[in-house]
Amino acid sequence: MTKTVRFAAEGGPEVLELVDVDLGAPGPGELRLRVEAIGLNRAEAMFRSGTYFERPDEFPAKLGYSASGIVEALGEGVTEFAVGDAVSTVAGFSMRNYGVYGEAAVVPASAVLRRPEGLDATETVALWGPFLTAYGAIVDEGHVRPGDFVLITAASSSVGLATIDVVNHIGAIPLAATRTAAKKQRLLDAGAAHVIVTDDEDVVARTREVTGGHGADFVFDAVAGPGVRALSDATAAGGTLVVYGALDVPETPFPLWTPPTMRMFNAFELTMNSERLDRAGHFIRAGVRAGTFRPRVDRTFDLADVAESHRYLEANGQFGKVVVTVGG
């Protein structure tokens, strides 16, 4: 039996329970992972609460996309990994079918990547998800060029910080937006060229100011909701506004007057495409080797404290990835 997190009804963090489950052997195309660290994602809090684009098919439900650990069993047809390999999972499956919150997890081998040399399990689980999202939106789909101004909302999140690294890595200019001044210096230290404190500053005026009146060539927004109107106004003529998250609950309007190119970024289109995922892996590993990509862990929790870890995640005070550690 394996201790695994399940929830019997949608709701707040208190619905998460640690229960004993017989995971069984991995099936064709699957492997079983002994989990060492779990990276929390906003998607999992939304899935737990019933506000994600998918909802559980049945209860008790599992959850979790991102885990690092050691391969302990292989299903039929899995030849690219061996028992004992240090690996991590990425969001390449539906949480209706798989979940990684627990001491072990059975996952599709197609959603597994090898651990980069020099990183431990906690660092690795803070690497893949954020940097795959940043790479996919900025480089693979966004074609951001050196010298472009990139405005990043929710910049102190793990994806926001990864995006700052990716933007600097390709020679573009990261503009970090954050609600309060408390994180301003940390964002500058993390590589932001400018920080816009949205509780105190007008995001449109400040973006125009720091870009010499040009505006942001690319806006990468985690919030959505009514705030996209201002972000549209902050976007340069011919620029692009990409929404990748939905931290704001109200529906997102489409700007009607001189809108930029506006679209969603769906990370599944990258993680579930083997060729695109392989290219992303090469890009991210190169950044790790160069020392320009830095996984940032804000705080760790024990598996037994998973409900508290979700409360902390939803309080929005973190700077980087919230991680749950498993075992010693």
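Below you will find a few notes about this structure.

About the thresholds
- Residues numbered from 1 in each chain as written.
- Predicted model: local features only at pLDDT ≥ 70, side-chain atom pairs only at ≥ 80, totals over all residues.
- Heavy atoms only, no water.
- Buried < 20%, exposed > 50% of the residue type's maximum accessible area, 1.4 Å probe, protein only.
- Helix = DSSP H or I, 4+ residues; strand = E, 2+ residues; numbered from the N terminus.
- Right-handed = clockwise from strand over helix to strand, strands pointing away.
- Pairing = 2+ DSSP bridges.
- 1 Å grid on protein atoms, 1.4 Å probe; cavity = no way out; pocket = protein on both sides within 12 Å on 5 of 7 lines; lining within 4 Å.
- Points joined across faces, edges and corners; volume = space filled by probe spheres on them.
- Nonpolar A, V, L, I, M, F, W, Y, C, P; charged D, E, K, R; others polar.
- Axes fitted to C-alpha atoms, helices over the stretch in contact; angles between N-to-C directions.
- Contact = heavy atoms within 4.5 Å.
- Parallel < 35°, antiparallel > 145°, perpendicular 65-115°, else oblique.
- Left-handed = near helix turned anticlockwise from the far one by under 90°.
- Salt bridge = Lys/Arg side-chain N within 4 Å of Asp/Glu carboxyl O.
- Expected span 1.5 Å × (residues − 1).
- Polar contact = N/O pair within 3.5 Å; in protein donor to acceptor, adjacent residues only side chain to side chain.
- Arc of directions from axis to C-beta.

**Digging into the pairing of strand E8 (residues 149-152)**
Logical step 1: Alternating residues of E8 divide into Phe149 and Leu151 and Val150 and Ile152, and every residue in both groups is buried.
Logical step 2: On the question of chirality, the crossover connecting E8 to the parallel strand E9 (residues 173-178) by way of helix H4 (residues 158-169) is right-handed.
Logical step 3: The sheet contact formed by E8 and strand E11 (residues 216-221) spans three bridges and is parallel. Its bridge partner lying in E11, Leu151 is registered against Val219.

**Looking at empty space enclosed by the protein**
Logical step 1: Considering all chains together, one arrives at one cavity of 30 Å³ or more under this definition.
Logical step 2: Ala126, Phe131, Ser158, Leu161, Ala162, Arg294, Pro295, Arg296 and Gly320 are the residues that line the largest cavity.
Logical step 3: For the lining of the largest cavity, a count of residues per class yields five nonpolar, two polar and two charged.

**Focus: the sheet that holds strand E13 (residues 261-264)**
Logical step 1: The sheet built from six strands is open, its strands ordered E10-E9-E8-E11-E12-E13 with parallel pairing. Every interior strand has two partners, whereas the edge strands, strand E10 (194-197) and E13, have only one. Averaged over all neighbouring strand pairs, the angle between strand axes comes to 20°, with direction disregarded.
Logical step 2: Running over the sheet, helix H6 (residues 203-210) touches E8, E9, E10, E11 and strand E12 (235-243) and is turned about 165° from E10.

**Thoughts on the packing of helix H3 (residues 128-141) against H4**
Logical step 1: Remark: H3 packs on H4, axes separated minimally by 8 Å, with the N-to-C direction vectors making an angle of 50°. Classed by the angle they form, the pair H3 and H4 counts as oblique. Between H3 and H4 lies a crossing of right-handed hand. For the pair H3 and H4, the contacting residues are Pro130, Phe131, Thr133, Ala134, Tyr135, Ile138 and Val139 in the first and Ser158, Val159, Ala162, Thr163, Asp165, Val166 and Val167 in the second.
Logical step 2: Looking at the contact of H3 with H4, its residues break down into ten nonpolar, three polar and one charged.

**A few points about the layout of surface pockets**
Logical step 1: Its volume calculated, the second largest pocket comes out at about 300 Å³.
Logical step 2: Put simply, the parts of the chain that give the lining of the second largest pocket at least two residues each are strand E7 (112-114) and helix H9 (274-290).
Logical step 3: The leading source of residues in the lining of the second largest pocket is H9, at six residues.
Logical step 4: Taken together, the residues of the lining of the second largest pocket sort by class into six nonpolar, seven polar and four charged.

**Overview of the pattern of salt bridges**
Logical step 1: Applying the stated criterion across every chain, the model contains 18 salt bridges.
Logical step 2: Of the charged contacts, one joins Glu10 and Arg55 as a salt bridge, the two residues approaching to 2.5 Å between their closest N and O atoms. Separated by 45 residues along the polypeptide, Glu10 in the loop between strand E1 (2-7) and strand E2 (16-21) and Arg55 in the loop between helix H1 (42-49) and strand E4 (66-74) bring together distant segments of the chain.
Logical step 3: For Glu10, a relative accessible area of 27% gives the class partly exposed.
Logical step 4: Look at Arg55 and you get partly exposed, because its relative accessible area is 44%.
Logical step 5: Connected via shared salt-bridge partners are Asp140, Glu141, Arg263 and Arg276.

**A look at H4**
One full turn of an α-helix is made of 3.6 residues, so residues set three or four places apart face in the same direction.
Logical step 1: Taking 1.5 Å as the rise per residue, H4 with twelve residues should run 16 Å; its terminal C-alpha atoms sit 17 Å apart, in good agreement.
Logical step 2: Most of H4 is tucked away: ten of the twelve residues are buried.
Logical step 3: Those residues of H4 that fall on the buried side of the exposure criterion are Ser158, Val159, Gly160, Leu161, Ala162, Thr163, Ile164, Asp165, Val166 and Val167.

**Comments concerning the side chain of Arg276**
Logical step 1: Here Arg276 is to be found in helix H9.
Logical step 2: Separated by 2.5 Å, the side chains of Arg276 and Asp140 make a polar contact.
Logical step 3: Side-chain polar atoms of Arg276 contact the backbone oxygen of Glu269, separated by 3.3 Å.
Logical step 4: In contact with Arg276, other than residues within four places in its own chain, are Asp140, Glu141, Glu269 and Leu270.

**Re the pairing of strand E14 (residues 297-302)**
Logical step 1: Of the strand pairs in this sheet, E14 and strand E15 (residues 321-325) are connected by five bridges, and their pairing is parallel. Bridged to Thr300 within E15 is Val323.
Logical step 2: Since E14 and E15 lie parallel, the crossover through helix H10 (residues 306-314) that links them has a hand, and here it is right-handed.

**Description of H10**
Logical step 1: All of the buried residues along H10 are Val306, Ala307, Ser309, His310 and Leu313. Along the axis of H10, the buried positions cluster into a sector of 160°, meaning they face one direction only.
Logical step 2: Contact partners of the buried residues in H10: E1, E2, H1, E14 and E15.
Logical step 3: Positive phi shows up at Asn316, right after H10, with a value of about 65°.

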